[in-house]
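Residue-level listing of the chains:
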Amino acid sequence: MKSRIFLYLFLFASLIALYLFVSSGTMSKDKDARIESLRGQTEKLNDSIRDLHLKFLEMEYFSLDNNDDAFAYYQHLNLKNPTGYITDKLLETNESKGDNPLVPYEGMEGNFKINKIKVLNHKWIVADFSDGHYWGDLIIKYELKDDLGVDFSLLDHLLYARSNE
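Residues numbered from 1 in each chain as written. Predicted model: local features only at pLDDT ≥ 70, side-chain atom pairs only at ≥ 80, totals over all residues. Heavy atoms only, no water.

## Considerations on the overall build of the protein chain
Working step 1: Along the backbone of the protein chain there are 3 helices and 4 strands.
Working step 2: Computed over C-alpha atoms, the radius of gyration of the protein chain comes to 33 Å, more than 25% over the 15 Å expected from 2.2 N^0.38 for 165 residues, which places it beyond the range of a compact globule.
Working step 3: Referenced to the eigenvectors of the C-alpha coordinate spread, the extents of the protein chain come out at roughly 105 × 50 × 25 Å.
Working step 4: Here the protein chain holds 165 residues, and the buried ones make up 23% of them.
Working step 5: About 12,600 Å² of surface is accessible on the protein chain, with carbon and sulfur atoms providing 58% of the total.
Working step 6: Separation between the mean location of the 19 positive side-chain charges and that of the 26 negative ones in the protein chain comes to 15 Å. (Helix = DSSP H or I, 4+ residues; strand = E, 2+ residues; numbered from the N terminus. Rg over C-alpha atoms; globule rule 2.2 N^0.38 Å. Buried < 20%, exposed > 50% of the residue type's maximum accessible area, 1.4 Å probe, protein only. Areas by Shrake-Rupley, 256 points an atom, 1.4 Å probe, with all protein chains shown as cover. Lys, Arg positive; Asp, Glu negative; His and termini not counted. Charge placed at Lys NZ, Arg CZ, Asp CG, Glu CD.)

Okay, structure coming up:
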């Protein structure tokens, strides 16, 4: 009777060992497949990051911050961030009551205010304006003076036509 118990115990342990051996092989294959899949995803994501970085560099080509020749015009002023300073000065024009004085249109659904600003170089700015319902773009010429005053003058503008909704 004792020998049969040991025989059954041995068979049961052998079946468990066989099951663990087979299942560990399939688990290993599944993990290897998952690792390869994650490697492929990582490569795709790295390629996407590289592409986005190149697009970002291309978009930043026309920027005062990346244009050493234009940036040199402001070296003597000891401004740490000329782009931020000019942007702040342009946004201050929004503080006037009513429409922004640089926007040559009257707001239809509210007052036209400048929203987004891109300082291209030491002379030009591209800006977006809106009244919350209508919007347009401006090309602005500016001059940063030695006393840190900024003069803005409008070069061109457009107001987008609303599509029928």
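Moving on from the coordinates now.
## Re the nonpolar core
Working step 1: Of all hydrophobic cores here, the largest spans 22 residues; its most connected members are I86, I114, I125, I140, Y142 and F152.
Working step 2: For this core, the secondary-structure elements that each account for two or more residues are α3 (82-92), β1 (113-119), β2 (124-130), β3 (135-144) and β4 (150-159). (Core = buried A, V, L, I, M, F, W, Y, C linked by side-chain atoms within 4.5 Å.)

## Some words on the packing of aromatic side chains
Remark: the centre distance and the inter-plane angle together describe each pair of aromatic rings, the angle taken between the planes.
Working step 1: Tallied over the entire structure, the rule returns 3 aromatic pairs.
Working step 2: When the ring of Y105 is compared with that of F129, the centres are 6.1 Å apart and the planes differ by 25°; the resulting orientation is stacked. You can see Y105 sitting in the loop between α3 and β1 and its partner F129 sitting in strand β2, a full 24 residues away along the chain.
Working step 3: Accessibility expressed as a relative area gives 24% for Y105, which makes it partly exposed.
Working step 4: Owing to a relative accessible area of 0%, F129 belongs among the buried residues under this scheme.
Working step 5: A centroid spacing of 5.1 Å and a plane angle of 90° characterise the contact between F112 and F129, whose relative ring orientation is edge-to-face. (Phe/Tyr/Trp six-rings, centres within 6.5 Å; stacked < 30°, edge-to-face > 60°.)

## So, α3
Working step 1: Turning to α3, its buried residues number three or more, namely P82, T83, I86, T87 and L90. Summarising the axial view, the buried residues of α3 lie within an arc of 130°, below the 170-degree limit, and thus occupy one face.
Working step 2: If you follow the buried residues of α3, they end up packed against α2 (68-71), β1, β2, β3 and β4. (Arc of directions from axis to C-beta. Contact = heavy atoms within 4.5 Å.)

## A few points about the environment of N94
Working step 1: For N94, the location among the structural elements is in the loop between α3 and β1.
Working step 2: Sequence-wise, N94 and N115 are 21 residues apart; in three dimensions their C-alpha atoms are separated by 9.1 Å.

## Observations regarding unusual backbone geometry
Working step 1: Although it is not a glycine, N78 sits at a positive phi angle of roughly 55°.
Working step 2: Positive phi values are uncommon outside glycine, yet L148 reaches one of about 70°.
Working step 3: For L148, the position within the fold is in the loop between β3 and β4.
Working step 4: Classification of L148 by relative accessible area gives partly exposed; the value is 27%.

## Things to note about the sheet that holds β3
Working step 1: Ordered by their spatial adjacency, 4 strands build an open sheet running β1-β2-β3-β4, and the pairing between neighbours is antiparallel. The open sheet is flanked by β1 and β4, the only strands paired with a single partner. The average angle at which neighbouring strand axes cross in this sheet is 30°, direction not considered.
Working step 2: Bridge count for β1 against β2 is 5 bridges, and the pairing is antiparallel. Across the sheet, the residue bridging to K113 is S130, located in β2. (Pairing = 2+ DSSP bridges. Axes fitted to C-alpha atoms, helices over the stretch in contact; angles between N-to-C directions.)

## What about the pairing of β3?
Working step 1: A one-sided burial pattern is seen for β3, the buried positions being G136, L138, I140, Y142 and L144 and the unburied ones W135, D137, I139, K141 and E143.
Working step 2: Bridge count between β2 and β3: 7 bridges; the pairing is antiparallel. Within the sheet, the bridge partner assigned to W124 lies in β3 and is K141.
Working step 3: Hairpin geometry of β2 and β3 is characterised by an intervening segment of 4 residues between the two adjacent antiparallel strands and by a positive phi of about 100° at G132.
Working step 4: Sheet analysis places β3 next to β4, joined by 9 bridges and oriented antiparallel. Bridging from a neighbouring strand, G136 pairs with L159 of β4.

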